[in-house]
Each structure stands twice: as C-alpha cells, then as structure tokens.
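Commentary on secondary and tertiary structure
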Amino acid sequence: MQGEKRIYPRERSGGKWLSYLLLFLSAVVVLSGLVWREGGDLSIEVEPSPTPIPTDAYFDETPQQREVTLPGSTWFALQLGAFESEKAASELAQQFMRRGAAGYVWRDGRYRTLAAVYPSREDAQNVRRQLDMDHEVDSYLYQIDLPALHVRLSGMKGQLDILEAAFIHANDLIAGLQGVSLALDRQECGEEEARETLSGLKNQVEAVSLRLKQRFVQPRHATVEGLIDCFDGYAAFFQGLEPGESSVALGARLKYETLACLNELKSVYDALGNT
C-alpha cells in the first residue's frame, strides 16, 4: 500500500534476535501463500467496500495471520445443451458463436454449451424468453455458485493485503465484463466506449497481477496462481481484440471471456472450499 516501508527489527539481545529469526522463518515458509479453510459451518455477510491496490514495490513484511470472508456470488448461465461428449458440445458451440453467443464449453463432469451468463435469475429468464420467442432457441438455466468462504490467511502483511485485493478485483472483473457485454447487446454503448471500459479493467488487473508475482515467490500456492491466470488471461484477451470489430462480434467474444474468467475463479473457490 502507499507509504508502506520495510520493517527491520533492531537487535537488542540474543533471545530477542532468536524470536525475530523465528518470525522471519515462519514468514518465509508462507511466501508460497498458504491458505486454509476455517472448520465448521459459518455464514458471514460481508459489506462491499473499496480495497486499495498496494502499488509500492516494497511492502510490510511483518508475519501475520488474518481471518477474512471471500466475496461470494451466484450467476445464471443460458445453457444450450449438455453432453457426455466434448466434441458434441464444441460443435454446438461453434454454431452459436456465429450467431453472437459465447459458445463456451463448461466442464463439470458433463460438457455444457453456454450462451451467456447473467448476475440475476430474472435477467437470464428475460433473455431466455427472448431467444425462444424471437429466434426459436431452446435454452435452460444453469446456476454457477461462488460461495462466500471464511478462510484464515497466513503470510506477510503485504502479501495478505494484495491477496485480499485480488479476490475483490477478480469478482469485479467478471461483473465488469458482463456489464459491458450486456450494454452492447442493449445498444447502450458503442464499440469505442466498450473498449475504453475494457482497457480500464485491463490496467487494474495487470497492476494486481504484477504485485501478486512480486510478493509471492515461486513455487506459488495454487490460489495465487489461479488468480494470476485469471488476470493474465484477460490481459491477453484484450491485447488480441481486433480493431474495427463489430459490436455483435465484440459482444460474443466478451460473453466468452466472461465465462472463461468465471471458470478460472470458480476453480480457485472450489479448491479452497475443498481444503
């Protein structure tokens, strides 16, 4: 965070030096980002609040444990088909990608071809009815849950600060992508305005990804790697956008990327929930 400095304890005695050494060694052990779930059932409502991104290259190295609740969310995807075969799901996906749908193949034991995802059941139902009435396309609602998780984090304070910020930004990224996609579908914004918003999202997640890489040395915990993959995947998506792309084509690609980021983040949540 801004203004944070390294903390270097002063040596006063052999016993105290040993205590500091043990604290430092414990911090080194958790450099890979140890995260574990609190036992028992616990439900906590977390009020959304802005979390500043730590931007300094140097950070507070004080060893710390912290209990936090990761933000949860529920999404409703339009499912065009569910198959035992990945090939069948991919073939259907290709058909609908040409018509402006995401055509994303979601794997959860079956292969589900998804058209788009929405933050509320009502939004998804409205689009589903429109697809049925205007285009004679049958679809079903597929619910995707990212449950709020109460976890205990252990590491250096600067590490925990950026890790908490990363979870918030990952959820915000998905919501932002879905919002731009929906605005394009409703013709509430044009391609240029959409790209400006997407560029702002890219700058945010690149900053978070950079700090995660700096503050967690390899080999990193799977939680940290999953968040980095989510952010870097979106940055690569943005760099690959073609200039002059139509709003329909851009909207379809955004629907796909929204589901891709959601899938990455769900994998992180699932891994933590099973810890």
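The structure under discussion appears in the preceding block.
Here we summarise the structure given alongside this text. (Residues numbered from 1 in each chain as written. Predicted model: local features only at pLDDT ≥ 70, side-chain atom pairs only at ≥ 80, totals over all residues. Heavy atoms only, no water.)

Thoughts on the environment of F231
To be explicit about the condition: By definition, any uninterrupted DSSP run of H or I lasting at least four residues is a helix, any uninterrupted run of E lasting at least two residues is a strand, and each is numbered from the N terminus. Only heavy atoms enter the contact rule, under which two residues are in contact if any of them lie within 4.5 Å.
Mapped onto the elements, F231 comes out in helix α6 (residues 222–239). With 29 residues separating them in the primary sequence, F231 and K202 have C-alpha atoms 8.1 Å apart. In contact with F231, not counting residues within four places along its chain, are A166, H169, A170, L173, V205, V208, S209 and L212.

Digging into empty space enclosed by the protein
The rolling of a water-molecule-sized probe over the atoms marks out the regions of remaining empty space. Defined as follows: Put simply, the grid is 1 Å and covers the protein atoms alone, a cavity is a trapped set of points that fit a 1.4 Å probe, a pocket is an open set with protein on both sides within 12 Å along at least five of seven lines, and lining residues have an atom within 4 Å of a point. Grid points are joined across faces, edges and corners, and a volume is the space filled by probe spheres set on the points. Any residue that is not Ala, Val, Leu, Ile, Met, Phe, Trp, Tyr, Cys, Pro, Asp, Glu, Lys or Arg is counted as polar, Gly included; the first ten are nonpolar and the last four charged.
Applying the stated criterion to the full structure yields one cavity of 30 Å³ or more. In this model, the largest cavity occupies a volume close to 60 Å³. Lining the largest cavity are A116, V117, Y118, Q178, S181, L182, D185, K255 and T258. Within the residue set of the lining of the largest cavity, elements represented by two or more residues are β5 (111–118), α4 (157–185) and α7 (247–273). With four residues, α4 is the largest single contributor of residues to the lining of the largest cavity. Here the lining of the largest cavity is composed, by residue class, of four nonpolar, three polar and two charged.

Remarks on the pairing of strand β7 (residues 149–156)
Basically, it comes down to this: Buried residues are those whose accessible area, probed at 1.4 Å on protein chains only, stays under 20% of the maximum for their type, while exposed residues exceed 50% and partly exposed ones sit between those limits. Strands pair, by our definition, only if DSSP identifies at least two bridges between them.
Counting buried residues in β7 gives seven out of eight residues, a clear majority hidden from the surface. Summarising the sheet, strand β2 (residues 63–70) and β7 pair through eight bridges and their orientation is antiparallel. In the sheet register, Q64 faces β7, and the bridge partner there is G155.

Some remarks on the packing of aromatic side chains
How two aromatic rings sit relative to each other is given by the distance of their centres and the angle of their planes. Basically, it comes down to this: Only Phe, Tyr and Trp rings take part, Trp by its six-membered ring, and two of them pair if their centres are within 6.5 Å. Stacked means planes under 30 degrees apart, edge-to-face means over 60, and tilted covers everything else.
For the coordinates displayed, the defined rule picks out five aromatic pairs. Relative to Y142, the ring of W106 lies with its centre 6.4 Å away and its plane at 70°, an arrangement referred to as edge-to-face. With W106 in strand β4 (residues 104–107) and Y142 in strand β6 (residues 140–146), this pair connects stretches of sequence that are 36 residues apart. A residue is classified by how much of its surface remains accessible, and W106, at 2% relative accessible area, is buried. On the numbers, 5.8 Å between centres and 35° between planes, the contact of Y234 with F237 is tilted. Of this pair, Y234 and F237 both sit in helix α6, separated by three residues, roughly a single helical turn. Chaining the aromatic ring pairs together yields one cluster made of Y104, W106, Y142 and Y256.

Digging into unusual backbone geometry
A cis amide bond links Q218 with the next residue in sequence, P219, at an omega value of 0°. One can find P219 in the loop between α5 (191–215) and α6. The backbone phi angle of E136 is positive, close to 55°, even though this residue is not glycine. Despite not being glycine, Q187 shows a phi value in the positive range, around 60°. Considering the arrangement of structural elements, one finds Q187 in the loop between α4 and α5.

Focus on the pairing of β5
The buried count for β5 comes to seven of eight residues, which makes it a mostly enclosed element. Here seven bridges tie strand β3 (residues 73–83) to β5, and the two strands are oriented antiparallel to one another. Within β5, the residue paired with A82 across the bridge is R112. A loop of three residues connects β4 with β5, the two strands running antiparallel in sequence, and G109 in this loop sits at a positive phi of about 105°.

Notes on the pattern of salt bridges
As a reminder of what qualifies: Any Lys or Arg side-chain nitrogen found within 4 Å of a carboxyl oxygen on Asp or Glu counts as a salt bridge.
By the definition in use, this model includes 15 salt bridges. Salt-bridge contacts for E245 lead to R195; the nearest nitrogen and oxygen are separated by 3.9 Å. Of this pair, E245 sits in the loop between α6 and α7 while R195 sits in helix α5, and the two are 50 residues apart along the sequence. Judged by relative accessible area, which is 13%, E245 ranks as buried. Across the pair K213 and D232 runs a salt bridge, and its minimum N-O distance is 2.9 Å. In this pair, K213 is assigned in helix α5 and D232 in helix α6, connecting sequence segments 19 residues apart. Residue classification places K213 among the partly exposed positions, given a relative accessible area of 36%. Several salt bridges converge on common partners, so that one network encompasses R66, K157, D161 and E164.

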